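# Examining the three-dimensional arrangement
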Amino acid sequence: MIFTIAQAAAADGDALGEIHAEAWKVAYVPFFAPDFAEQAVRRRRTQWHERIVQTKDTIMLARGDGRPLALSCFGPSRTKPGVAEIYSFFAHPDGWGTGAARALMTATLERLKKDGFDHVHLWTLHDTPQSRRFYTKCGFTETGVLRDHDFGDGRPLAQVEFAIHL
């Protein structure tokens, strides 16, 4: 499979939404009540058009053989001055195991280094071993810091922080 990675454009909203919604359905839906999960997936499918236009963050899109397979959204950390944060990183389940996510992570970290960052952190759900393994394979390490995050249903879930020095 041939991967291309580029900064997302306004026309990529549907592709980003499809990736986010489908990945979220597989990885996150089991943690939520069915009604909330259905609304959350629907929201993720449609939020990217506005987000691309309104954000100052960088959003990148990986395609495999022309098909959108993974997205990353990143910028300066919201909590750690001088550090970068990957706010969102999702791969479509159809792309799992293809190398698309790994190629996108490599490009994301290269871009952050080019932008002058030498430390990057991110948060992922504690109870998602697949994502935790992926970040570890990409060179991130767990910092030992946990936080609770409420996705909007009033039931916070534990997240674990990962970090990497570039």
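Because the structure is a prediction, the values reported are computed rather than measured.

Successive side chains on a regular strand alternate, one facing one side of the sheet and the next facing the other. With seven of 10 residues buried, strand β3 (residues 67-76) is to be regarded as a mostly interior element. Pairing analysis gives seven bridges linking strand β2 (residues 58-64) to β3, with the strands arranged antiparallel. Bridging across to β3, Gly 64 finds its partner in Arg 67. Where β2 folds back onto β3 in an antiparallel hairpin, the turn is made up of two residues, including Asp 65, whose phi is positive at roughly 50°. When β3 meets strand β4 (residues 84-91), the two strands line up antiparallel, connected through seven bridges. Bridge pairing in β4 places Ser 72 opposite Phe 89.

Take the packing of aromatic side chains next. Following the criterion strictly, the structure yields 12 aromatic pairs and no others. Centre to centre, the rings of Phe 32 and Phe 36 are 5.2 Å apart; their planes meet at 45°, and the pair counts as tilted. Geometrically, the ring pair formed by Tyr 135 and Phe 162 is tilted, given 5.8 Å between the ring centres and 50° between the ring planes. Here Tyr 135, found in helix α5 (residues 129-137), pairs with Phe 162, found in strand β7 (residues 157-165); they are 27 residues apart in sequence, far enough to count as distant. A relative accessible area of 6% places Tyr 135 in the buried class.

This next bit is on the pattern of salt bridges. In total, this model carries 11 salt bridges according to the counting rule given. In this structure, Glu 22 engages Arg 45 in a salt bridge whose closest nitrogen and oxygen atoms are separated by 2.8 Å. Of this pair, Glu 22 sits in helix α1 (residues 13-27) while Arg 45 sits in helix α2 (residues 34-46), placing them 23 residues apart in sequence. The class of Arg 45 is partly exposed, set by a relative accessible area of 29%. A salt bridge links Asp 94 to Arg 67; the shortest N-O distance between them is 2.8 Å. Linking Asp 94 in the loop between β4 and α4 (100-114) with Arg 67 in strand β3, this pair joins segments that are 27 residues apart in sequence. Judged by its relative accessible area of 38%, Arg 67 falls in the partly exposed class.

Cut-offs and rules
- Residues numbered from 1 in each chain as written.
- Predicted model: local features only at pLDDT ≥ 70, side-chain atom pairs only at ≥ 80, totals over all residues.
- Heavy atoms only, no water.
- Buried < 20%, exposed > 50% of the residue type's maximum accessible area, 1.4 Å probe, protein only.
- Helix = DSSP H or I, 4+ residues; strand = E, 2+ residues; numbered from the N terminus.
- Pairing = 2+ DSSP bridges.
- Phe/Tyr/Trp six-rings, centres within 6.5 Å; stacked < 30°, edge-to-face > 60°.
- Salt bridge = Lys/Arg side-chain N within 4 Å of Asp/Glu carboxyl O.

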